[in-house]
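These are the residues of each chain, in order.
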Number of protein chains: 2
Amino acid sequence: MNVTIKDVARIAGVSYSTVSKALNNSPLVTQKTKQKVLAVASQLGYQPNLNAKSLVSRSSHVIGVIWPTVEEQAFSSLITIVNEELKQHAYSMVLSINSLDDAVTIFNQYRLAGILAFCEREWSSSVDLLPSSAPLLYYGNASRLGHHTINVDRKQAIFDAVSYLHGIGHNRIAYIGDLSRTPEEAQLDKYRGYMNAVIHYGLQTHPGMAISVNDFSWDEGYSAAKKLLASDYDPTAVICASYELTSGVIRAIKESGYRIPENISVVSYDNIPQQEQLEPAITAVGAPVYLTAQWIVETILDLISDSDTSPVPQKHIVIPSVLTIRASSSAP
Amino acid sequence: MNVTIKDVARIAGVSYSTVSKALNNSPLVTQKTKQKVLAVASQLGYQPNLNAKSLVSRSSHVIGVIWPTVEEQAFSSLITIVNEELKQHAYSMVLSINSLDDAVTIFNQYRLAGILAFCEREWSSSVDLLPSSAPLLYYGNASRLGHHTINVDRKQAIFDAVSYLHGIGHNRIAYIGDLSRTPEEAQLDKYRGYMNAVIHYGLQTHPGMAISVNDFSWDEGYSAAKKLLASDYDPTAVICASYELTSGVIRAIKESGYRIPENISVVSYDNIPQQEQLEPAITAVGAPVYLTAQWIVETILDLISDSDTSPVPQKHIVIPSVLTIRASSSAP
DNA sequence: TTGTACGCGTTATCAA
DNA sequence: TTGATAACGCGTACAA
């Protein structure tokens, strides 16, 4: 326990600076001594002290991710993939589920290489004051803040969904999502995309064409779909604002004796592989999660290497939506 | 950026050891200089370097939590509460979603104060080899390993559910859970509790009294309940192995025209507050999540303070189940 | 009450 | 090619 390079040096019979070189693949050491040092190190169970390491190098190869809404599943697959991607680039990832402020504080104190903030809803007002030594990249709807941001284009995504459905002949296209008086920015974007498209294509309108949900559980999707089918709107297609909603919606549609897509087409927001597993496989729009993860990782790593050169230009990246057509949609 | 105590000392016109004392509430400094130092520190935006701090103190006030199955929501409320509890004790929490080995490795390298492993299913075989300098506490089914463990009593929980239902007059009590040939240990425990109780109380048995699910989604619960109701078992009560399953089960029961609890009682595993929000509020068994979180925090903090004194006795804590009666159950 | 000096484990710069 | 030595930022005896 707590064996240091000095211990390794003593056993291996070399100086500890030589050990350091051997451990770091320095060319300033012979293969032979290197082998010996490595052998002793692993035999002693040597584990480098990252505190010392990042104290001297003033940084580490660790990215801190802030994820205050751990109970929302929406980000979990994205975060999983980001983690894998970072590992490929020899970075580690560490999560905090504290508030933005608390998390930034502790990450800063550890002098992490970079910080990634996944916060779709709440933005601490004091965050602008926090002097972050590490590059801070926000994922979500934060273009207004004076920080680097990366976003998915939700408005375009839903617009594309309507375009696609209209293109194959649908005219009564319903929407199930968050229409509350004060929806989060992200949800408002989706609704805007829907309304814009409805107007743009001159679709039939109806008071009951857009159904609001209280949260994004399957249960709410189920209830909303029941309500939709009970109205006299008689939609030929429905667009759902999330994967979970969709899973409830298709259950409700099936139970009401309708078939997908023969009687009604379903298109879901959230371009994640899991859509493939639903029955039937669901046509989806939104930024593909793999692509999003890759962009996030690439951007944060760029910011880290850029951070030497000042001034750093502000980055605001928007990931386009992709339409993935599956079995749940067809011409009416 | 990167202002150190030396900078603070220079501006405040004192030596940097005085600054250190002032920052750490040492009694060896006058209130006046302390105030001055604190003022200068905050004005300069001083942020302590935790790397240096834990390098010199050989530890930090940070607990690392290993959570490889981030996509399973089961732990999320527990982890949220653990986080809050730790904050109360002036500890920070940091998560890793890597494999057990990878996570332990990096946490060790950062010399964190303690490690908490939330891994219900997979146990890396090599984990025993990892020399962890920090106390490692496992949550899950790991009593076989040579490590400290903390667990909930799932077998007792389900047994209690049957006892309760039998006590108020039920004789045909169904079970919906994971009965696959090779279930995880945790799920097997639940089923054992059920079977033990069925035998113990001499309940009516039937081939279709226990329905197996493939995963713990609401969807599987829904399908299982439909199957159960279609059989000729005619249960007066049903026990579900998880919260998500239950949410699907009650939907299926309602749709089949039955009322809860008049026609059929429902008891769910997972003693979490969310059970209260279902319609009707669900009677639940299992270790209350708040209690579990408190035990976890208390145990890991104990282990940390014990770790000075060697040898440390091995701790294996089992948290008892509690029956929380709500509207979903009544005499048949 | 305040300041000085040393060490924590590591990397990097020199001399040897 | 190796080894001694000075940082990195901080806590803490010990001296003033």
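Residues numbered from 1 in each chain as written. Chains lettered and ligands numbered in written order. Predicted model: local features only at pLDDT ≥ 70, side-chain atom pairs only at ≥ 80, totals over all residues. Heavy atoms only, no water.

> Looking at this structure, how should I read the overall build of chain A?
For chain A, the helix and strand inventory stands at 11 helices and 11 strands. Relative to its length of 332 residues, chain A is extended, with a C-alpha radius of gyration of 26 Å against a globular reference of 20 Å. Across its three principal directions, the C-alpha atoms of chain A cover 85 × 40 × 30 Å. Counting the 332 residues in chain A, one finds 53% classified as buried. Relative to all contacts within chain A whose residues are 6 or more apart in sequence, the contacts with residues 24 or more apart total 70%. Here chain A displays about 14,500 Å² of accessible surface, and carbon together with sulfur accounts for 52% of that area. Side chains of chain A carry 25 positive and 31 negative charges; the gap between the two charge centres is 11 Å. (Helix = DSSP H or I, 4+ residues; strand = E, 2+ residues; numbered from the N terminus. Rg over C-alpha atoms; globule rule 2.2 N^0.38 Å. Buried < 20%, exposed > 50% of the residue type's maximum accessible area, 1.4 Å probe, protein only. Contact = heavy atoms within 4.5 Å. Areas by Shrake-Rupley, 256 points an atom, 1.4 Å probe, with all protein chains shown as cover. Lys, Arg positive; Asp, Glu negative; His and termini not counted. Charge placed at Lys NZ, Arg CZ, Asp CG, Glu CD.)

> Just to check I follow, could you spell out the protein's contact with DNA strand C for this structure?
Taken together, 26 residues lie around DNA strand C, and Ile5, Ser20 and Tyr46 of chain A together with Ser15 and Thr18 of chain B are the ones closest in. If you look at DNA strand C and keep only atoms within 4 Å of the protein, 63% of those are sugar or phosphate atoms. Between DNA strand C and Ser20 of chain A there is a distance of 2.7 Å, counted from a phosphate oxygen to a side-chain nitrogen or oxygen. Here Tyr46 of chain A contributes a side-chain N or O atom positioned 2.5 Å from a phosphate oxygen of DNA strand C. Counting only elements with at least two residues in the surface near DNA strand C, the list comes to α1 (5-12), α2 (16-23) and α4 (50-57) of chain A together with α2 (16-23) and α4 (50-57) of chain B. Ranked by residue count, the leading element in the surface near DNA strand C is α2 of chain B, at 4 residues. Of the residues in the surface near DNA strand C, the class split is 12 nonpolar, 10 polar and 4 charged. (Near = heavy atom within 4 Å. Polar contact = N/O pair within 3.5 Å; in protein donor to acceptor, adjacent residues only side chain to side chain. Nonpolar A, V, L, I, M, F, W, Y, C, P; charged D, E, K, R; others polar.)

> Even after reading the chapter, I still don't get the interface of chain A and chain B, so can you show me in this structure?
Across the boundary between the two partners, chain A contributes 51 residues, which contact 50 residues of chain B. Across the interface of chain A and chain B, roughly 4,700 Å² is buried in total on both sides, 50% from carbon and sulfur atoms. Of all residues in chain A, Gln47, Tyr110 and Trp218 of chain A give up the largest surface area on contact with chain B, accounting jointly for 15% of the area buried on that side. Here chain A is connected to chain B by 4 salt bridges. Between Asp102 of chain A and Lys87 of chain B there is a salt bridge, and its shortest N-O distance comes to 3.6 Å. Among the secondary structure elements, those contributing two or more residues to the side of chain A that touches chain B are α4, α5 (76-88), β2 (92-96), α6 (100-109), α9 (218-230) and α10 (243-255) of chain A. (Buried area = accessible area lost by both parts, 1.4 Å probe. Salt bridge = Lys/Arg side-chain N within 4 Å of Asp/Glu carboxyl O.)

> Explanation requested: the packing of helix α1 (residues 5-12) of chain B against α2 of chain B in the structure shown.
How two helices pack is summed up by the angle between their axes together with the distance between the axes. Residues and elements named next belong to chain B. Here α1 crosses α2 at 105°, and the two axes come no closer than 8 Å. As the angle between them shows, α1 and α2 are arranged roughly perpendicular. Seen from α1, the contacting residues are Ile5, Lys6, Val8 and Ala9; seen from α2, they are Tyr16, Val19, Ser20 and Leu23. Of the residues belonging to the contact of α1 with α2, the class tally is 6 nonpolar, 1 polar and 1 charged. (Axes fitted to C-alpha atoms, helices over the stretch in contact; angles between N-to-C directions. Parallel < 35°, antiparallel > 145°, perpendicular 65-115°, else oblique.)

> Would you mind showing me how to read the relation of the copies chain A and chain B here?
Comparison of the two chain copies shows a relationship of rotation about an axis with a shift along it. After a rotation of 180° and a shift along the axis of 0.1 Å, chain A superposes on chain B with an RMSD of 0.2 Å. Here the two chains are linked by the operation of a two-fold rotation axis. The overlap is high: 98% of the interface residues of chain A also sit at the interface in chain B, so the same surface is used on both sides. (Least-squares fit on C-alpha atoms with pLDDT ≥ 70 in both.)

> Could you clarify how one ought to interpret the environment of Leu86 of chain A in this entry?
Residues and elements named next belong to chain A. Considering the arrangement of structural elements, one finds Leu86 in helix α5. Take Leu86: its relative accessible area is 0%, and that puts it in the buried class. A sequence separation of 182 residues divides Leu86 from Ser268, and the C-alpha atoms of the two residues are 29 Å apart. Here Leu86 is in contact with Ile63, Tyr91, Met93, Val297 and Leu301, once residues within four sequence places are set aside.

> What exactly am I supposed to notice about the sheet that holds strand β9 (residues 265-269) of chain A here?
Sheets are built from strands that pair by backbone hydrogen bonding, the pairs being arranged parallel or antiparallel. Residues and elements named next belong to chain A. Read from one edge to the other, the open sheet built from 5 strands follows the order β7-β6-β8-β9-β10, with strand pairing classed as parallel. Looking at which strands have only one partner, the edges of the open sheet turn out to be β7 (210-212) and β10 (283-285). Between one strand axis and the next, the sheet turns through 20° on average, direction left out of account. Pairing geometry for strand β6 (residues 173-177) and β7, over 3 bridges, is parallel. Opposite Tyr175, over in β7, you have Ala210 as the bridge partner. Its contacts with the sheet put α9 on β6, β7 and β8 (237-240), and the angle it makes with β6 is roughly 150°. Packing of α10 onto the sheet brings it into contact with β6, β8 and β9, and relative to β9 it is tilted by some 165°. (Pairing = 2+ DSSP bridges.)

> What is the right way to look at the pattern of salt bridges in this model?
Two side chains with opposite charge may pair up if their charged atoms get near one another. Summed over all chains, the structure comprises 22 salt bridges over all chains. Linking Glu276 of chain B and Arg326 of chain B is a salt bridge whose minimum nitrogen-to-oxygen distance equals 2.8 Å. Within this pair, whereas Glu276 of chain B is found in the loop between β9 (265-269) and β10 (283-285), its partner Arg326 of chain B is found in the segment after β11 (316-319), the two being separated by 50 residues in sequence. The structure contains a network of salt bridges with shared partners spanning Glu84 and Lys87 of chain A together with Asp102 of chain B.

> For this particular structure, what's the right way to read the side chain of Thr149 of chain B?
Residues and elements named next belong to chain B. With respect to the helices and strands, the residue Thr149 is situated in strand β5 (residues 148-152). Judged by its relative accessible area of 1%, Thr149 falls in the buried class. One polar contact links Thr149 to His316, side chain to side chain, over a distance of 2.7 Å.

> How do you make sense of the protein's contact with DNA strand D when you look at a structure like this?
Residues in close proximity to DNA strand D total 25 residues, the closest being Tyr16, Thr18 and Lys21 of chain A together with Ile5 and Tyr46 of chain B. Restricting the count to atoms of DNA strand D within 4 Å of the protein gives a sugar and phosphate share of 66%. In this structure, Ser17 of chain A approaches DNA strand D through a side-chain N or O atom, which is 3.1 Å from a base nitrogen. A distance of 2.9 Å separates a phosphate oxygen of DNA strand D from a polar atom in the side chain of Ser20 of chain B. Elements represented by at least two residues in the surface near DNA strand D include exactly α2 and α4 of chain A together with α2 and α4 of chain B. Tallying contributions element by element places α2 of chain A first for the surface near DNA strand D, with 4 residues.

Honestly, that's just the spatial picture; any functional story needs more than this.
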